[in-house]
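Results of the structural survey
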Amino acid sequence: MTCIGFLSVAPVVEESMAPYVADAVAALDDFDVEYETTPMGTIIEADDSGELFAAAHAAHEAVGAQSDRVETFLKIDDKRGVDQRAGEKVDRVEDELGRAARSGGEGGD
């Protein structure tokens, strides 16, 4: 089984959120998850939802330790009985497109 999540954790602050987001991402290293950070959030993969929830909670708390207010968004795709990694889902879309699933150059601009 593979549980894939999309996590966005951000403090409600006026300054740059990068240091806070870095703390949230670093907190994921304490869990048995794979992750990839994007400009809009972090994709997390775990073998079960319990590990994914625990990792997301740790990321939320890592930001909350430095801020009075934290907003967290978590979306989960828990395909029970199927082992499909996030990269495989993108590969299938790219197979259908016949090309990479991004426009422009390397950065997707």
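Description of the structure in this document. Note that the structure is a prediction, hence the values are computed from the model and not measured. (Residues numbered from 1 in each chain as written. Predicted model: local features only at pLDDT ≥ 70, side-chain atom pairs only at ≥ 80, totals over all residues. Heavy atoms only, no water.)

**Describing the packing of aromatic side chains**
The geometry of two aromatic rings is summed up by the distance between their centres and the angle between their planes. Taken as a whole and judged by the stated rule, the model has 1 aromatic pair. Taking 6.1 Å as the distance between ring centres and 65° as the angle between the ring planes, the aromatic pair formed by Phe6 and Phe73 counts as edge-to-face. A residue pair is termed long-range when its members are at least 10 positions apart, and Phe6 in strand β1 (residues 2–11) and Phe73 in strand β4 (residues 70–79) qualify at 67 residues. (Phe/Tyr/Trp six-rings, centres within 6.5 Å; stacked < 30°, edge-to-face > 60°. Helix = DSSP H or I, 4+ residues; strand = E, 2+ residues; numbered from the N terminus.)

**Examining the pattern of salt bridges**
One pass over the structure, following the stated rule, counts 2 salt bridges. As a salt-bridge pair, Glu71 and Arg69 come within 3.6 Å of each other at their nearest N and O atoms. Salt-bridge contacts for Asp77 lead to Lys89; the nearest nitrogen and oxygen are separated by 2.4 Å. Taken as a pair, Asp77 in strand β4 and Lys89 in helix α3 (residues 86–97) lie far apart in primary sequence, 12 residues in all. Given a relative accessible area of 27%, Asp77 falls into the partly exposed group. A relative accessible area of 32% places Lys89 in the partly exposed class. (Salt bridge = Lys/Arg side-chain N within 4 Å of Asp/Glu carboxyl O. Buried < 20%, exposed > 50% of the residue type's maximum accessible area, 1.4 Å probe, protein only.)

**Section: the sheet that holds β1**
If you walk across this open sheet you meet the 4 strands as β2-β3-β1-β4, and the pairing is antiparallel. One side of each edge strand has no neighbouring strand; the edge strands of this open sheet are β2 (34–38) and β4. Direction aside, neighbouring strands of the sheet carry axes that sit 15° apart on average. Sheet analysis places β1 next to strand β3 (residues 41–46), joined by 5 bridges and oriented antiparallel. Within β3, the residue paired with Cys3 across the bridge is Ala46. (Pairing = 2+ DSSP bridges. Axes fitted to C-alpha atoms, helices over the stretch in contact; angles between N-to-C directions.)

**Here we look at the nonpolar core**
The biggest cluster of nonpolar side chains holds 15 residues, and the ones touching the most others in it are Leu7, Val9, Leu28, Val33, Ile44, Ala59 and Val63. Mapped by element, the contributors of at least two residues to this core are β1, α1 (18–28), β3 and α2 (49–64). If you tally residues by element for this core, the top one is α2, at 5 residues. Those residues in contact with Ala59 that sit more than four places away from it in its chain are Leu7, Val9, Ala24, Ala27 and Leu28. (Core = buried A, V, L, I, M, F, W, Y, C linked by side-chain atoms within 4.5 Å. Contact = heavy atoms within 4.5 Å.)

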